[in-house]
Amino acid sequence: MPDRRYLRIYLSERVLLMRGGRDLAARMRGAATEGDLRVLLDEVITELERGSSTLTSFLRQIGAGSPRVRTWFVGLAVRVGQLKLNGRVVERSPLSDLEELDALGVVIFAATAAFTALEDAQVASAEVVRERIDSLAAIATRLEPLRRASAEHVLGQAR
Amino acid sequence: MTRRPAADEVLDTFVQIRSLARWGGGLSIAAWRYVTRTVPIDRVEETVAGDDPGPADRPVPGDQANLQPRSRGAGPAMRRHYRVSVENPRMTAADLMTSICRDPNVASPFEVARFVKTSGRLGEMIAGDEYLVWMLGPWNGPVRVAERTSTSFRLATLTGHMEAGEIEFRARDDAGRLVFEIESAARSGSPAFWLFYGPLWVAKEGQLHMWASFCERVARLAGDPATVIEVRTRRFPDDRGAPVNRISRRARRVLTTLKDRPINFEDESLEEASPDDGWVVDDHCTSLGQEPVGPPSDGGPFAIARGLVRDYEFADPALIRAIYDPSEPLANRSMLLEGRFLGLRFLLGVRVVRIVDDVVERNGCFVRRWGWSYRTLKGHLETGQMDFEVVKWLDTGEVEFRIHAVSRPARIPNPVVRAGFRLLGRRLQLRFARVAGERMRHLVEARLAGTTGRHHAPAPAVHPVVPRDAPTRA
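Please read these numbers as outputs of a predicted model, since none were measured by experiment.

### Let's talk about the overall build of chain A
Stage number 1. In terms of regular secondary structure, chain A is built from 5 helices and 0 strands.
Stage number 2. Mapped from its N terminus to its C terminus, chain A presents α and β elements in the order α-α-α-α-α.
Stage number 3. Residue burial in chain A is summarised as follows: out of 159 residues, 34% are buried.
Stage number 4. For chain A, the share of sequence-separated contacts (at least 6 apart) that also reach a separation of at least 24 residues comes to 74%.

### Quick notes on the overall build of chain B
Stage number 1. Within chain B, the secondary structure is distributed over 7 helices and 16 strands.
Stage number 2. At a minimum sequence separation of 6, the contacts of chain B that also span at least 24 residues come to 64%.

### Things to note about the pairing of strand 15 (residues 382–393) of chain B
Residue and element names in this part refer to chain B.
Stage number 1. With 10 of 12 residues buried, strand 15 lies mostly within the body of the structure.
Stage number 2. Pairing analysis gives 11 bridges linking strand 15 to strand 16 (residues 398–409), with the strands arranged antiparallel. Each residue of the ladder has a partner; that of Lys 392, found in strand 16, is Val 399.
Stage number 3. Counting the residues that bridge the hairpin from strand 15 to strand 16 gives 4 residues, and of these Gly 397 lies at a positive phi of roughly 85°.

### Topic: the nonpolar core
Residues and elements named next belong to chain B.
Stage number 1. The biggest cluster of nonpolar side chains holds 43 residues, and the ones touching the most others in it are Val 84, Leu 96, Cys 215 and Val 218.
Stage number 2. The biggest single contributor to this core is helix 4 (residues 202–222), with 8 residues.
Stage number 3. Setting aside residues up to four positions removed in sequence, Cys 215 forms contacts with Tyr 82, Val 84, Phe 180, Ile 182, Ala 226 and Ile 229.
Stage number 4. Counting 38 residues, the second largest nonpolar core, distinct from the first, contains Phe 302, Trp 370, Tyr 374 and Leu 443.

### Looking at the sheet that holds strand 6 (residues 152–157) of chain B
Residue and element names in this part refer to chain B.
Stage number 1. Spatially, 9 strands are ordered 1-9-2-8-7-6-5-4-3 in an open sheet, and the strand pairing comes out mixed. The outermost strands of the open sheet, each flanked by one partner alone, are strand 1 (41–47) and strand 3 (113–119). For this sheet, the mean angle separating the axes of adjacent strands, direction not counted, is 20°.
Stage number 2. Relative to strand 9 (residues 229–236), strand 2 (residues 74–86) runs antiparallel, the two being bridged by 7 bridges.

### What about the interface of chain A and chain B?
Stage number 1. Contacts between the two partners involve 14 residues from chain A and, on the opposite side, 15 residues from chain B.
Stage number 2. Residue assignment for the side of chain A that touches chain B shows that the elements contributing at least two residues are helix 2 (35–61) and helix 5 (126–155) of chain A.
Stage number 3. A per-element tally of the side of chain A that touches chain B places helix 2 of chain A first, with 4 residues.
Stage number 4. Residue composition of the side of chain A that touches chain B, by class: 7 nonpolar, 5 polar and 2 charged.

### Some remarks on the packing of helix 4 (residues 94–121) of chain A against helix 5 of chain A
All names here are of chain A.
Stage number 1. Where helix 4 meets helix 5, the axes come as close as 9 Å, and the angle between the chain directions of the two elements is 160°. One element, helix 4, and the other, helix 5, form an angle in the roughly antiparallel class. Classified by chirality, the crossing of helix 5 by helix 4 is left-handed.
Stage number 2. Among the residues making up the contact of helix 4 with helix 5, the classes are represented as 21 nonpolar, 4 polar and 6 charged.

### Brief notes about the confidence of the model for chain B
Stage number 1. Mean pLDDT over chain B: 85, with 92% of residues reaching 70 or higher.
Stage number 2. Overall fold confidence for the complex sits at a pTM of 0.67, while the interface term, ipTM, reaches 0.86.

### Re the sheet that holds strand 14 (residues 365–376) of chain B
Residues and elements named next belong to chain B.
Stage number 1. Reading across the sheet, the 7 strands line up as 10-16-15-14-13-12-11 and stay open at both edges, with antiparallel pairing between neighbours. Edge strands, defined here as strands with exactly one partner in the open sheet, are strand 10 (280–290) and strand 11 (320–323). Direction aside, the axes of adjacent strands within the sheet are offset by 25° on average.
Stage number 2. As defined by bridge partners, strand 11 adjoins strand 12 (residues 334–341) across 4 bridges and the pair is classed as antiparallel. Within strand 12, the position partnered with Ile 320 by the bridge is Gly 339.
Stage number 3. Sheet strands in contact with helix 5 (residues 249–258) are strand 11, strand 12 and strand 13 (344–362), and its direction is about 145° off that of strand 12.
Stage number 4. The strands that helix 7 (residues 415–448) touches are strand 10, strand 11, strand 12 and strand 16; relative to strand 10, the one it contacts most, it runs at about 15°.

### Let's talk about the pairing of strand 12 of chain B
Residue and element names in this part refer to chain B.
Stage number 1. The pairing of strand 12 with strand 13 spans 8 bridges and is antiparallel. Paired with Leu 337 across the bridge in strand 13 is Leu 348.
Stage number 2. Connecting strand 12 to the next strand, strand 13, in antiparallel fashion are 2 residues, including Leu 342 with a positive phi near 50°.

### A word on the packing of helix 1 (residues 5–31) of chain A against helix 2 of chain A
Residue and element names in this part refer to chain A.
Stage number 1. One can describe the packing of helix 1 onto helix 2 by two numbers: an axis separation of 9 Å at closest approach and a directional angle of 160°. With respect to their mutual orientation, helix 1 and helix 2 come out roughly antiparallel. Crossing handedness for the pair helix 1 and helix 2: left-handed.
Stage number 2. Among the residues forming the contact of helix 1 with helix 2, the class breakdown is 13 nonpolar, 5 polar and 8 charged.

### Details of helix 4 of chain A
Residues and elements named next belong to chain A.
Stage number 1. Here helix 4 is 28 residues long and its end C-alpha atoms lie 41 Å apart, about the 40 Å a rise of 1.5 Å per residue gives.
Stage number 2. The set of residues buried in helix 4 consists of Ser 96, Asp 97, Leu 98, Glu 100, Leu 101, Leu 104, Val 107, Ile 108, Ala 111, Ala 114, Phe 115 and Leu 118.
Stage number 3. Against helix 1, helix 2 and helix 5 lie the buried residues of helix 4.
Stage number 4. Gln 122 sits one or two residues past helix 4 and shows a positive phi near 55°.

### Re helix 5 of chain A
Stage number 1. Between its terminal C-alpha atoms helix 5 of chain A stretches 41 Å, which fits the 44 Å expected from 30 residues at 1.5 Å a residue.
Stage number 2. Buried residues of helix 5 of chain A: Val128(A), Val129(A), Arg132(A), Leu136(A), Ile139(A), Leu143(A) and Ser150(A), and no others.
Stage number 3. The elements touched by buried residues of helix 5 of chain A are helix 2 and helix 4 of chain A together with helix 2 (93–102) of chain B.

### Points about the confidence of the model for chain A
Detailed conclusions should not be drawn from predicted coordinates in areas where pLDDT is low.
Stage number 1. Overall, the prediction assigns chain A a mean pLDDT of 90, with 99% of residues at 70 or greater.
Stage number 2. Looking at the elements of chain A, mean pLDDT is at its lowest for helix 3 (residues 68–81) of chain A, recorded as 88, and at its highest for helix 4 of chain A, recorded as 94.

### Side note on the environment of Ile29(B)
Stage number 1. Take Ile29(B): it is sitting in helix 1 (residues 6–35).
Stage number 2. Overall, the presence of 15 C-beta atoms within 10 Å leaves Ile29(B) in the partly exposed class.

Thresholds, definitions, all that
- Residues numbered from 1 in each chain as written.
- Chains lettered and ligands numbered in written order.
- Predicted model: local features only at pLDDT ≥ 70, side-chain atom pairs only at ≥ 80, totals over all residues.
- Helix = DSSP H or I, 4+ residues; strand = E, 2+ residues; numbered from the N terminus.
- Buried ≥ 20, exposed ≤ 12 C-beta atoms within 10 Å, placed from the backbone.
- Contact = placed C-beta atoms within 7 Å.
- Pairing = 2+ DSSP bridges.
- Core = buried A, V, L, I, M, F, W, Y, C linked by C-beta atoms within 7 Å.
- Axes fitted to C-alpha atoms, helices over the stretch in contact; angles between N-to-C directions.
- Nonpolar A, V, L, I, M, F, W, Y, C, P; charged D, E, K, R; others polar.
- Parallel < 35°, antiparallel > 145°, perpendicular 65-115°, else oblique.
- Left-handed = near helix turned anticlockwise from the far one by under 90°.
- pLDDT = per-residue confidence, 0-100.
- Expected span 1.5 Å × (residues − 1).

Below you can see the structure in the form of structure tokens.
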């Protein structure tokens with residue numbers, strides 16, 4: 001049997017990343033007021049769930065399980081992140097929106113990179129991997145203008 | 001003797017304890033699910049004399065050395081058939097099989113079996129891929145994907161598996177329902193396994209639970225819980241499996257070079273070929289029986305003959321057999337024909353150049369036809385093309401097997417072979433066609449009657465291989 005130790009570690013970590021991203025997106029979805037953003041976040045949640053279930057399925061096929069304990073810790077870390085005040089104590093800080101969009105952009109970029117790495121290494125079905133890359137890329141393209149608009153809105157006050 | 005580091009010993013002990021804990025946990029869960037099963041199992045068991053009439057010992061791509069076919073097993077041959085119907089499916093048969101092929105674990109009861117891929121890409125299943133099925137206890141089951149279609153896949157057992165044979169998973173859309181079936185044709189992998197399977201009964205019951213649970217999960221995946229699982233077991237104490245033939249090293253070597261070999265005549269249309277141009281044109285036709293008027297019926301002579309033609313089973317292995325890689329699609333497939341005459345073996349390269357699968361009009365009648373053609377490659381003793389077709393006259397229901405051959409001798413450098421071919425080639429050519437027609441008729445009749453027809457077909461003509469030095473995937 002081929003040595004799949006590194007693949008297992010890589011896949012586990014990317015599953016954690018996507019589950020953390022999904023939790024973050026779910027939290028943002030709860031706080032979002034704009035319709036466009038809510039729709040997009042719904043899609044982000046669905047896509048990250050699909051991505052993590054695809055990687056979990058790959059993990060199963062190499063004889064490893066889903067990283068359940070570490071997933072719980074990631075969920076905890078996302079919740080702890082809520083405690084960051086970002087300049088306001090009582091109300092939600094507008095900077096939080098930007099920070100979260102930044103973080104989500106990084107998660108989607110990393111998720112895309114993970115599937116691209118699998119595609120390059122030719123360890124997984126090209127069709128399955130390409131499907132995920134295309135979906136994530138489409139979401140990233142739509143997320144970026146929202147992130148930049150948020151940056152302009154929040155940071156523009158400093159002009 | 002060097003002493004192993006203490007850390008390695010601790011790790012080994014941990015792995016052993018974990019495995020034991022998994023087996024213990026798995027066994028407990030499996031036992032619990034077995035006794036608390038709510039979906040009824042409709043069982044039928046019978047013992048049948050003679051050979052197993054169903055498909056068995058079919059071609060498997062890849063290295064033949066580590067295959068574990070039925071002939072290498074122990075105990076009687078068993079055919080087990082599991083079936084579940086999904087009344088309101090939310091997906092088609094093809095979609096369901098795509099999901100299962102992407103990860104068989106979606107339907108596998110994790111406490112009993114887990115599919116771990118040992119060769120091939122994750123997230124897909126293609127012929128030649130290999131899995132190790134982790135099972136309860138110290139016997140994991142290595143298998144290789146022998147065939148994959150849009151609605152089915154077939155696994156063949158490899159050395160060390162507790163069974164020897166094959167298992168097919170298939171689904172079909174049936175008037176608004178979705179029917180999923182698992183069919184295995186196997187013997188126990190060794191006398192020890194047979195002890196657990198037969199007299200001690202444990203393995204047989206465990207296997208039933210495993211595949212019945214698989215069917216239940218498939219039904220849930222398809223959108224509707226199963227109401228009943230049908231399990232039919234037939235025992236064939238007389239059947240010991242088809243004998244295994246070996247492929248010579250020379251044949252393997254030649255097969256690897258075929259892809260680069262050109263066709264050994266100018267690329268010309270042979271539709272109008274005639275003896276005036278030096279071609280020998282032969283047409284042979286054998287009646288295979290009658291079907292109801294209209295399109296070919298399931299399991300009828302046309303469907304049976306089509307499978308035989310696809311797998312080159314019409315050729316008598318005493319005269320000729322085909323060696324090829326079945327994972328290569330039929331279109332453009334390079335095949336090595338191993339001709340046998342007077343104890344000599346001739347390796348003849350051919351390439352599939354055409355597949356027909358259509359309805360055409362002939363003499364004012366519509367004909368459904370399926371078949372393929374090959375052309376001879378450089379090094380062949382002849383030049384030309386052979387067409388093999390199964391046709392059904394839609395207005396009368398008559399099914400025929402047709403061979404159309406256009407040939408002329410190739411330039412043969414070896415004077416002895418050249419003289420021998422001039423003397424006997426034509427006679428052998430005609431004999432091949434006559435025997436192929438007779439063999440097709442016998443095989444179709446035998447399969448319609450529910451027997452294998454092995455009296456007429458003592459060994460499979462087809463011996464697919466993947467060359468050992470063929471590039472492998474990650």
